[in-house]
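Here is how the chains run, residue by residue.
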Amino acid sequence: MYTKIQVWGHWDDDNVRFERTVAVLHSNNHAAMDAALDDDEVFYVFEHGEPVLGQHYGFTITEKEVS
């Protein structure tokens, strides 16, 4: 299972801002990861315990919705 949240950030190469939906896994298991990856609304999947805010692979998340 996973939770979808809205995030705001920018691309690291050109600093263009974006708003996207990401998934945060409730636990690190293959079924939850597969379900989140198959969700067409999800831009990126965070494993359980992985910080959402900060720099990632080519982008930086600066804000997230409060959950």
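Calculation notes
Residues numbered from 1 in each chain as written. Predicted model: local features only at pLDDT ≥ 70, side-chain atom pairs only at ≥ 80, totals over all residues. Heavy atoms only, no water. Helix = DSSP H or I, 4+ residues; strand = E, 2+ residues; numbered from the N terminus. Rg over C-alpha atoms; globule rule 2.2 N^0.38 Å. Buried < 20%, exposed > 50% of the residue type's maximum accessible area, 1.4 Å probe, protein only. Contact = heavy atoms within 4.5 Å. Areas by Shrake-Rupley, 256 points an atom, 1.4 Å probe, with all protein chains shown as cover. Lys, Arg positive; Asp, Glu negative; His and termini not counted. Charge placed at Lys NZ, Arg CZ, Asp CG, Glu CD. Pairing = 2+ DSSP bridges. Axes fitted to C-alpha atoms, helices over the stretch in contact; angles between N-to-C directions. Right-handed = clockwise from strand over helix to strand, strands pointing away.

A few words now on the overall build of the chain. When its secondary structure is counted, the chain shows one helix and five strands. Each helix and strand of the chain, ordered N terminal to C terminal, gives the series β-β-α-β-β-β. Its C-alpha atoms give the chain a radius of gyration of 12 Å, within 12% of the compact-globule value 11 Å for 67 residues. For the chain, the C-alpha atoms occupy an extent of roughly 35 × 20 × 15 Å along the three principal directions. Per-residue burial for the chain yields a buried fraction of 31% across its 67 residues. Nonlocal contacts in the chain, meaning residues at least 24 apart in sequence, comprise 39% of its contacts between residues at least 6 apart. As presented, the chain carries roughly 4,400 Å² of accessible surface, and 51% of it is formed by carbon and sulfur atoms. Taken as two groups, the 4 positive and 13 negative side-chain charges of the chain have centres that lie 6 Å from each other.

With that out of the way, let us pick up the sheet that holds strand E3 (residues 44-46). Overall, mixed pairing links the five strands, which are arranged E3-E2-E1-E5-E4 in an open sheet. Every other strand in the sheet has two partners, leaving E3 and strand E4 (54-55) as the edge strands with one partner each. As defined by bridge partners, E4 adjoins strand E5 (residues 59-64) across two bridges and the pair is classed as antiparallel. Paired with Gly-54 across the two strands is Ile-61, which belongs to E5. Helix-sheet contacts for helix H1 (residues 30-38) involve strand E1 (2-11), strand E2 (17-25) and E3, and the interaxial angle to E2 is about 155°.

On to the environment of Met-33, then. Examined against the element boundaries, Met-33 turns out to sit in helix H1. Distance from Met-33 to Phe-46, taken between C-alpha atoms, is 8.9 Å for residues 13 residues apart in sequence. With residues up to four places along the chain from it excluded, the contact list for Met-33 reads Leu-25, Val-45 and Glu-47.

We now examine unusual backbone geometry. Despite not being glycine, Asn-15 shows a phi value in the positive range, around 65°. Tracing the chain through its elements places Asn-15 in the loop between E1 and E2. Using a relative accessible area of 53% as the deciding quantity, one classes Asn-15 as exposed.

In this sheet, E2 lies alongside E1 in antiparallel orientation, the contact comprising nine bridges. Opposite Trp-8, over in E2, you have Glu-19 as the bridge partner. In sequence, E1 turns back onto E2 through a hairpin of five residues, with Asn-15 there showing a positive phi of about 65°. With three bridges joining them, E2 and E3 adopt parallel strand pairing. Residue pairing across strands places Val-22 opposite Tyr-44, the latter belonging to E3. In this fold, E2 hands off to H1, which returns the chain to E3; that crossover is right-handed.

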